[in-house]
Amino acid sequence: TKYFFAWDVDVSCELKATNNTFPFVFASNTENKKVTKGIENLFHENFFSDDFYKTESKSDGGIHKSLDKKKFEENMLKIGKKEDYINFKPLFDFITQQVKSSTKKEVTHV
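Residues numbered from 1 in each chain as written. Predicted model: local features only at pLDDT ≥ 70, side-chain atom pairs only at ≥ 80, totals over all residues. Heavy atoms only, no water.

### With respect to the packing of aromatic side chains
For any pair of aromatic rings, the description rests on two quantities: the centre-to-centre distance and the angle between the ring planes. Operational definition: By convention, a stacked pair of Phe, Tyr or Trp rings (six-membered ring in the case of Trp) has centres within 6.5 Å and planes under 30 degrees apart, an edge-to-face pair has planes over 60 apart, and any other such pair is tilted. A run of DSSP states H or I qualifies as a helix once it reaches four residues; a run of E qualifies as a strand once it reaches two. Both are numbered from the N-terminal end. Only protein chains enter the area calculation, which uses a 1.4 Å probe; residues under 20% of their type maximum are buried, those over 50% are exposed, and those in between are partly exposed.
Considering all chains together, one arrives at 13 aromatic pairs under this definition. When the centroid spacing of 4.5 Å and the interplanar angle of 10° are considered together, the rings of F48 and F72 count as stacked. Within this pair, whereas F48 is found in the loop between β2 (21-25) and β3 (53-57), its partner F72 is found in helix α1 (residues 69-79), the two being separated by 24 residues in sequence. The two residues F48 and F72 agree in class, both being buried.

### Section: the confidence of the model for the protein chain
The line we're drawing: What pLDDT expresses is the predictor's confidence in each residue, scored from 0 to 100.
When pLDDT is averaged along the protein chain, the result is 90; 92% of the residues meet or exceed 70. Within the protein chain, the lowest mean pLDDT, 54, falls on strand β5 (residues 108-109), and the highest, 96, falls on α1.

### Some points on the environment of S28
Operational definition: Between two residues, a contact is recorded if the distance between any of their heavy atoms is within 4.5 Å.
Relative to the elements of secondary structure, S28 occurs in the loop between β2 and β3. Take S28: its relative accessible area is 45%, and that puts it in the partly exposed class. C-alpha of S28 to C-alpha of D10: the two residues are 18 residues apart in sequence and 7.9 Å apart in space. Those residues in contact with S28 that sit more than four places away from it in its chain are V9 and N41.

### Examining the pairing of strand β4 (residues 63-67)
Going by this rule: Whether two strands pair comes down to DSSP finding at least two bridges between them.
Across 5 bridges, β3 lies against β4 in antiparallel orientation. Following the sheet pairing, T55 is matched in β4 by K65.

### Structural notes on the pattern of salt bridges
Let me state the cut-off plainly: Here, a salt bridge means any side-chain nitrogen of Lys or Arg that lies within 4 Å of a carboxyl oxygen of Asp or Glu.
Summed over the entire model, instances satisfying the criterion amount to 4 salt bridges. A salt bridge links K69 to E40, with the shortest nitrogen-to-oxygen separation between them at 3.5 Å. Linking K69 in helix α1 with E40 in the loop between β2 and β3, this pair joins segments that are 29 residues apart in sequence.

### Here's the deal with the nonpolar core
Formally: Buried residues of nine kinds, namely Ala, Val, Leu, Ile, Met, Phe, Trp, Tyr and Cys, make up a nonpolar core once their side-chain atoms join them within 4.5 Å.
If you look at the biggest cluster of nonpolar residues, it comprises 16 residues, and the most contacted ones within it are F26, F43, F47, F48 and F72. Elements with a minimum of two residues in this core: β2, α1 and α2 (89-100). Not counting residues up to four positions away in its chain, the partners in contact with F47 are F52, F72, M76, I79 and D84.

Structure, rendered in C-alpha cells:
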C-alpha cells in the first residue's frame, strides 16, 4: 500500500518519501497574483473577487482583508469546471507514476 500527502505551494520544509508515504508539493501558479500561498493559488485569479474577502478593522485604524476560504470553496463547488482544476493534474500524474513504480521515492516539485 502506498500513501500520498499533498502540500501547498508554500511548504518550506524538506520532504522525503518514508514508510510508503510519498509527499507531493504543488508548484506555484505564478499567473495568480491575488493569492500567492495555499491551495487556492492553483486557481485562476479571476475567481477571487472582492465578494470572497472579509474586511476587519484593526486597532490602529487600518483594515485587514482575508480570503473567506469557506465561501470560496462553496462557490467553486457550484461553478467550478474541470478545466478550472488543471493545476491539480500534476498530483494525479504523480500518483499514477508512483503506483506504477515501486522504486521511485523522491519528492516531485512541478
